Amino acid sequence: MTVRKNQASLTADEKRRFVDALLELKRSGRYDTFVTTHNAFIMSDTDNGDRVGHRSPSFLPWHRRFLIEFEQALQSVDATVNLPYWDWTADRTSRSSLWAPDFLGGTGRARDGQVLDGAFARSANRWTINVRVDGRDYLRRDLGAGGRQLPTRAEVDSVLAMETYDMAPWNSSSNGFRNHLEGWRGVNLHNRVHVWVGGQMGTGVSPNDPVFWLHHAFIDKLWADWQARHPKSSYLPAAGTANVVDLGDTMRPWNDVTPADMLDHTRHYTFDTAA
Ligand SMILES: [Cu+2]
């Protein structure tokens, strides 16, 4: 049974196994296929055209399916590994244990953003950035870039209070829960965290940084928390919407899974705590 835990509560052994499984997926080439897929959707999802992975209602079920597939890949390396989540409202500085050398390593150096410690540093030679948007082949970060702050618990609660899942025009200008969580409108939760980490996390090839999975596992948990809080609210739109994945439509790239199939996470995993 997969239980997704808060990263702050992982034991030293759990951290080591998670990092080792990441390194093995990277070595085998499987890791980079996830980066390629994510970037392809970032490039093709547009506000006025087809949109599946981002800036649309299916942002949440798409990433849920994407994380399940990634977690299964990790478990094929080490069956004890589950995806942890990063509650950035609680662990909100670069001094968090998340960024220690025994886990994800820290921020990048000022000159070029290069991460210098931990298993994903260039010097460890096991984390070359192959799927990239520029020539730099090393992991980069700029934690807290430009003095930005991570979202607060109060900001998260203000978004969880929104009753309606999503609204027309079903894109980055929408009102409703999904777009506020994604961050194109309002207090900005998910997008802001990508920008706060900086480096590759601020680009379409963001899964190059392993923190991508921990960030999205928490976004996914917030969707579950929202469902628990609004049992009468459901995924929208229900049917017949051009360019958008309705409740019963299949999602690319899998073509065999719908948002309806993704509503109940407990078929796949549970969380250590509710919100
Ligand atoms: Cu993201």
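Undergrad: Outline the packing of helix α3 (residues 59-77) against helix α7 (residues 211-229), supporting the account with residue identities and numerical values.
TA: Interhelical geometry of α3 versus α7 gives an angle of 130° and a closest axis separation of 10 Å. By the angle between their axes, α3 is oblique relative to α7. Along this stretch, α3 crosses α7, giving a crossing that reads as left-handed. Contacts from Phe 59, Leu 60, Pro 61, His 63, Arg 64, Phe 66, Leu 67 and Phe 70 in α3 reach Phe 212, Trp 213, His 216, Ala 217, Ile 219, Asp 220, Trp 223, Ala 224 and Gln 227 in α7. When grouped by side-chain class, the residues that make up the contact of α3 with α7 number twelve nonpolar, three polar and two charged.

Undergrad: Could you give an account of the side chain of Gln 114, with specific residues and numbers?
TA: Within the secondary structure, Gln 114 sits in the loop between α3 and α4 (153-160). Since its relative accessible area comes to 7%, Gln 114 is described here as buried. With sequence-adjacent residues up to four places away left out, Gln 114 is seen in contact with Thr 107, Gly 108, Arg 109, Arg 122, Tyr 138, Leu 139 and Arg 140.

Parameters and conventions
- Residues numbered from 1 in each chain as written.
- Predicted model: local features only at pLDDT ≥ 70, side-chain atom pairs only at ≥ 80, totals over all residues.
- Heavy atoms only, no water.
- Axes fitted to C-alpha atoms, helices over the stretch in contact; angles between N-to-C directions.
- Helix = DSSP H or I, 4+ residues; strand = E, 2+ residues; numbered from the N terminus.
- Parallel < 35°, antiparallel > 145°, perpendicular 65-115°, else oblique.
- Left-handed = near helix turned anticlockwise from the far one by under 90°.
- Contact = heavy atoms within 4.5 Å.
- Nonpolar A, V, L, I, M, F, W, Y, C, P; charged D, E, K, R; others polar.
- Buried < 20%, exposed > 50% of the residue type's maximum accessible area, 1.4 Å probe, protein only.

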